[in-house]
Amino acid sequence: MKILVVGGAGYIGSHTVRQLRRSGHDVVVFDNLSSGHAEALPGDVQLVRADLLDDGAVRTALHAHQPDAVIHFAALIEVGESMRAPARYYRNNVVGSLNLLQAIVDTRKIPVVFSSTAAVYGTTDLVPIPETATMQPESVYGETKLMTERMIHAFHTGHGLPYTILRYFNVCGAAPEGDIGEAHASKSHLIELAALTALGQREKMFIFGDDYPTPDGTCIRDYVHVQDLADAHVLAVEALLRGERADGTFNVGLGHGFSVKEVLDTVDEVVGTPLNRELAPRRAGDPPRLVADATRIREELGFKPNFTDLRDIVQSAWNWHRTHPHDFKR
């Protein structure tokens, strides 16, 4: 089958493109390269360099390539920036998604897999978090993802659009080959920051609070490896193409978490030298635990993550960062 991967040159998108190809699918990538990297794509994958805000370009791509399904990753993702520049996030994430959905129903009404986030839940006392949890996003970023989810539901109801929504928890790691990995301009993820600290690009790692009600006092998060996440997208799109499910929403995570201290200790072990650490006050809005209830995706899509050991997750990230200390720049 032919899959149009929107935002396919980004971190998760590029790993998914690779897994789709390995599963025998033909892939076309639609990406404006604002945060993606053409270097992350196989050389023979066609890249349409265009923006979802360009409605004509979206329709042209759908007509020209006649995909059997779409996987939609394209979005701005920085929580802090979304609070400072809300208009940019609503325009890019919501209006861009609306253009895509309308173009799909106006042309071929093909299935859509949407890249969403656990940020739609906001702070919750539920641990682990089920898909049925109340959704109260606490950032503009989370709100734009929730708005897009609601648009997809509406297009399903109004036009019969088949869809699957995947809500990820903390994405991490890199391809086992070490040739593609996390390369965001803004560095904010724990394992990536730890690797850059080990490389000397940062002076120290801050631990924001060690007095949480967890075994070691630091926050616990559910870390899902990017390659496992890519596999989840393959499972989701293939189920849609078989007509097995037309309106599914799934959490994607391990179903258990690791603490900040556990992650940093593991980085120390993998790198071979201890990171310089400093204890800092708690950050506002950091819940003690964020862990996915991943039962539904395991039972309904057969999702089975391969990267469940924290050392393997960290090792894959370290292999990427130590060989690409400045991302894709030479």
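Above this text is the structure in question.
Rules behind the numbers
Residues numbered from 1 in each chain as written. Predicted model: local features only at pLDDT ≥ 70, side-chain atom pairs only at ≥ 80, totals over all residues. Heavy atoms only, no water. Helix = DSSP H or I, 4+ residues; strand = E, 2+ residues; numbered from the N terminus. Salt bridge = Lys/Arg side-chain N within 4 Å of Asp/Glu carboxyl O. Buried < 20%, exposed > 50% of the residue type's maximum accessible area, 1.4 Å probe, protein only. Phe/Tyr/Trp six-rings, centres within 6.5 Å; stacked < 30°, edge-to-face > 60°. Lys NZ or Arg CZ within 6 Å of the ring centre and 35° of its normal. 1 Å grid on protein atoms, 1.4 Å probe; cavity = no way out; pocket = protein on both sides within 12 Å on 5 of 7 lines; lining within 4 Å. Points joined across faces, edges and corners; volume = space filled by probe spheres on them. Pairing = 2+ DSSP bridges. Axes fitted to C-alpha atoms, helices over the stretch in contact; angles between N-to-C directions. Contact = heavy atoms within 4.5 Å. Parallel < 35°, antiparallel > 145°, perpendicular 65-115°, else oblique. Left-handed = near helix turned anticlockwise from the far one by under 90°. Nonpolar A, V, L, I, M, F, W, Y, C, P; charged D, E, K, R; others polar.

Q: Is there a simple way to explain unusual backbone geometry in this structure?
A: In terms of backbone geometry, most residues other than glycine have negative phi values and most peptide bonds are trans. Between V127 and the following residue, P128, the backbone shows a cis peptide bond with an omega angle of -5°. Mapped onto the fold, P128 is located in the loop between β5 (112-117) and α5 (140-159). One non-glycine residue, L33, adopts positive backbone phi at about 60°. With a phi angle near 50°, Q66 is a residue other than glycine that sits in the positive phi range.

Q: Even after reading the chapter, I still don't get the pattern of salt bridges, so can you show me in this structure?
A: A side chain with one charge may pair with a side chain of the opposite charge, provided their charged atoms come close. Under the criterion given, the structure shown has 22 salt bridges. For K187, the salt bridge is made with E192, and the minimal N-O distance between the two is 3.3 Å. Accessibility expressed as a relative area gives 2% for E192, which makes it buried. Two residues, D247 and R245, come together in a salt bridge whose shortest N-O distance is 4.0 Å. Residues participating in the shared-partner salt-bridge network are R18, R22, E177 and D179.

Q: Hey, could you run me through the packing of aromatic side chains in this one?
A: Here a ring pair, both rings aromatic, is described through the centre-centre distance and the interplanar angle of the planes. Taken as a whole and judged by the stated rule, the model has 2 aromatic pairs. Look at W320 and F328: their rings are 5.1 Å apart centre to centre, the planes differ by 55°, and that puts the pair in the tilted class. Across from the ring centre of Y212, 3.9 Å away, lies the NZ or CZ of R282, which sits over that ring.

Q: Can you walk me through empty space enclosed by the protein in this structure?
A: Picture a little ball the size of a water molecule; that probe, rolled over the atoms, points out where space is still empty. The tally for this structure, following the rule as stated, stands at 1 cavity of 30 Å³ or more. Volume-wise, the largest cavity comes out at about 50 Å³. Contributing to the lining of the largest cavity are A9, G10, Y11, S14, S35, H37, A40, G181, A183, H184 and F328.

Q: Honestly, the environment of L235 in this entry has me stumped. Any pointers?
A: Summarising the element assignment, L235 is placed in helix α7 (residues 226-241). For L235, a relative accessible area of 26% translates into the label partly exposed. Linking L235 and F303, residues 68 residues apart in sequence, is a C-alpha distance of 7.4 Å.

Q: What is the right way to look at the sheet that holds strand β11 (residues 247-252) in this model?
A: Strand pairing within a sheet occurs via backbone hydrogen bonds; the two strands may be parallel or antiparallel. Taken in spatial order, the 7 strands make up an open sheet running β3-β2-β1-β4-β5-β6-β11, and their pairing is parallel. Among the strands making up the open sheet, the edge pair consists of β3 (46-49) and β11. Direction aside, neighbouring strands of the sheet carry axes that sit 20° apart on average. Two elements, strand β1 (residues 2-6) and strand β2 (residues 26-31), share 5 bridges in a ladder whose sense is parallel. Each residue of the ladder has a partner; that of K2, found in β2, is D26. Packed on one face of the sheet, helix α1 (residues 11-22) meets β1, β2, β4 (69-72) and β6 (163-168) and runs near 165° to β2. Relative to the sheet, helix α2 (residues 55-65) contacts β1, β2, β3 and β4, its axis offset from that of β2 by approximately 170°.

Q: Just checking my understanding: could you explain the packing of α1 against α7 for this structure?
A: For any two helices packed against each other, one specifies the inter-axial angle together with the distance between the axes. Contact geometry of α1 with α7 gives a least axis separation of 8 Å together with a crossing angle of 60°. Looking at the two axes, α1 sits oblique to α7. The two elements α1 and α7 cross, and the hand of that crossing is right-handed. Along its contact with α1, which presents Y11, I12, H15, T16, Q19, L20 and R22, the element α7 presents V226, Q227, L229, A230, D231, H233, V234 and V237. For the contact of α1 with α7, the residue count by class is 8 nonpolar, 5 polar and 2 charged.

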